[in-house]
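A look at the structure
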Amino acid sequence: MVRALSLACLLCTLLGSTASGQTWAEKMFQERQHDFGDIARGAKAEWRFELTNLYTEDVHVAAVRSSCGCTSLRIEKDSLKTHETGAIVATINTDRFLGQKGATVTVTFDKPSFATVQLHTRAYIRSDVVFQPGSVQIGAVAQGTPVDSEVEVAYAGRPDWQVLEVVSGSPHLSATVKEMARAGGQVRYQLRVHLDGSAPAGYLQEHLVLRTNDRNRTEVPVLVEARVEPPIVISPASLFMGAVEPGQSVTKTIVLRGSAPFRVLSIGCNGGSFRFDMPAGESEAKMIHVIPVTFTGSQTGGRWEQTIHVETDLGSPVPDLPAYAIVQ
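Cut-offs and rules
Residues numbered from 1 in each chain as written. Predicted model: local features only at pLDDT ≥ 70, side-chain atom pairs only at ≥ 80, totals over all residues. Heavy atoms only, no water. Helix = DSSP H or I, 4+ residues; strand = E, 2+ residues; numbered from the N terminus. Rg over C-alpha atoms; globule rule 2.2 N^0.38 Å. Buried < 20%, exposed > 50% of the residue type's maximum accessible area, 1.4 Å probe, protein only. Contact = heavy atoms within 4.5 Å. Areas by Shrake-Rupley, 256 points an atom, 1.4 Å probe, with all protein chains shown as cover. Lys, Arg positive; Asp, Glu negative; His and termini not counted. Charge placed at Lys NZ, Arg CZ, Asp CG, Glu CD. Pairing = 2+ DSSP bridges. Axes fitted to C-alpha atoms, helices over the stretch in contact; angles between N-to-C directions. Core = buried A, V, L, I, M, F, W, Y, C linked by side-chain atoms within 4.5 Å. Disulfide = S-S within 2.5 Å. Salt bridge = Lys/Arg side-chain N within 4 Å of Asp/Glu carboxyl O.

Okay, the overall build of the protein next. The helix and strand tally for the protein stands at one helix and 23 strands. Its C-alpha atoms give the protein a radius of gyration of 25 Å, more than 25% over the compact-globule value 20 Å for 328 residues. Once the C-alpha set of the protein is aligned to its principal axes, its extents read approximately 80 × 70 × 25 Å. The proportion of buried residues among the 328 residues of the protein is 40%. A separation threshold of at least 6 residues defines the contact pool for the protein, and within that pool the share at least 24 residues apart is 66%. Per element, the accessible surface of the protein, about 16,800 Å² overall, is 51% carbon and sulfur. A distance of 6 Å separates the average location of the 30 positive side-chain charges in the protein from that of its 34 negative side-chain charges.

Spatially, four strands are ordered β17-β23-β22-β19 in an open sheet, and the strand pairing comes out mixed. For this open sheet the edge positions go to β17 (239–244) and β19 (264–268), each flanked by a neighbour on one side alone. Each adjacent strand pair in this sheet contributes to an overall mean axis angle of 15 degrees, direction not counted. Here four bridges tie β19 to strand β22 (residues 302–312), and the two strands are oriented antiparallel to one another. The residue bridging Val264 from the neighbouring strand is Thr312, located in β22.

Turning next to the nonpolar core. Counting 34 residues, the largest nonpolar core has Val129, Phe131, Leu195 and Leu210 as its most contacted members. If you list the elements that add at least two residues to this core, you get β1 (33–41), β8 (115–132), β9 (136–142), β10 (147–156), β11 (163–168), β13 (186–195), β14 (202–212) and β15 (219–229). Setting aside residues no more than four positions away along its own chain, Leu195 makes contact with Ile138, Val141, Thr145, Pro146, Val147, His172, Leu173, Leu204, Ala226 and Val228. Counting 24 residues, the second largest nonpolar core, distinct from the first, contains Ile234, Val250, Val310 and Val327.

This part is about the sheet that holds strand β2 (residues 45–52). A sheet is described by the order of its strands in space; here three strands give the open sequence β2-β6-β4, paired in antiparallel fashion. What marks the edges here is a single partner per strand, and that holds for β2 and β4 (71–75). The mean angle between the axes of side-by-side strands here comes to 20 degrees, regardless of whether they run parallel or antiparallel. Both β4 and strand β6 (residues 85–92) contribute to a ladder of five bridges, which runs antiparallel. When the sheet's bridge partners are listed, Ile75 is paired in β6 with Ile88.

Examined against the element boundaries, Phe109 turns out to sit in strand β7 (residues 99–111). Distance in space between the C-alpha atoms of Phe109 and Ala63 is 7.2 Å, their sequence separation being 46 residues.

For the coordinates displayed, the defined rule picks out one disulfide. Here Cys68 is linked by a disulfide to Cys70, with a sulfur-sulfur distance of 2.4 Å. Looking down the S-S bond of the Cys68 and Cys70 bridge, the torsion is 140 degrees, so its handedness is right-handed.

Here the focus is the pattern of salt bridges. One pass over the full model with this rule turns up 20 salt bridges. Each member of the salt-bridge network shares a partner with another, and the members are Arg48, Glu50 and Glu76.

On to unusual backbone geometry. Each neighbour pair has its own omega, and for Lys111 with Pro112 the value is 0 degrees, a cis peptide bond. Mapped onto the secondary structure, Pro112 falls in the loop between β7 and β8. Between Gln132 and the following residue, Pro133, the backbone shows a cis peptide bond with an omega angle of 0 degrees. Tracing the sequence through the fold places Pro133 in the loop between β8 and β9.

Another aspect to go through is the side chain of Thr106. Here Thr106 lies in strand β7. Taking relative accessible area as the criterion, Thr106 reaches 9% and is therefore assigned buried. Contact partners of Thr106, with chain neighbours within four places excluded, come to Ala63, Val64, Arg65, Thr116, Val117 and Gln118.

Here it is as structure tokens:
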């Protein structure tokens, strides 16, 4: 009887682990489906399905696969420590497929336990609109620097087809469109995109929307990508000190990189569990500073969170660095 009860409990535990094994992985994703809408032929169309490790154990993405060749996949970061963020990047192959397309993306995890998550993409790839190049690639730009870029829009079909306006969902992006040629049902426009100097630091991925007089499909999105680089970059983006016992100390380093030589004036946080040891010479002006950070576990267990603030002589704010630790 006791053995039967033990087997039953074990079976329930295994079933519970399997059920929770699917949900723990799903909870990490901000969203699990994306509709690209109408896409021009040859346009760059990709979407980052972001996931964040919500747990103390490391998470590992073992594999990804797509149900359709119309969607290619890339794992942005396959191993995530607690609170780290990665992404499954889905790209629509607009150069090889046309019409309505959809794909189911299966993401397989093998750590901390086995689980699968399904993501879904959908798009309509137009054959009558072509971008050259396929997207607006601004590239790396120093924060505070405005920049312009151009894309050619070509259409073949109705002789009266027009781009009526360009709509931006970002306050830092604007665009103008100019008709360059029109003959025999073919139209060519020049799309000029402007990124202003107030764009915040970080990776920018936005869509401009061309609104046209097309009766059936009035809107065509254009992908705009840029990397706005601040005067000082701090890495890692978040600092996880690990799981420690009360009284135990662990040391890791943060790296500050500047676009010009700079001095570190101060570094600290509100809590007393983090210590910052400025090495000799760190008061000198240089482009890279490496600073050790030591965390000592208190007698009170649980999760510890602090925000590290850095001040330099450049005058520009340094992004705050979130720091975490688990006291067991």
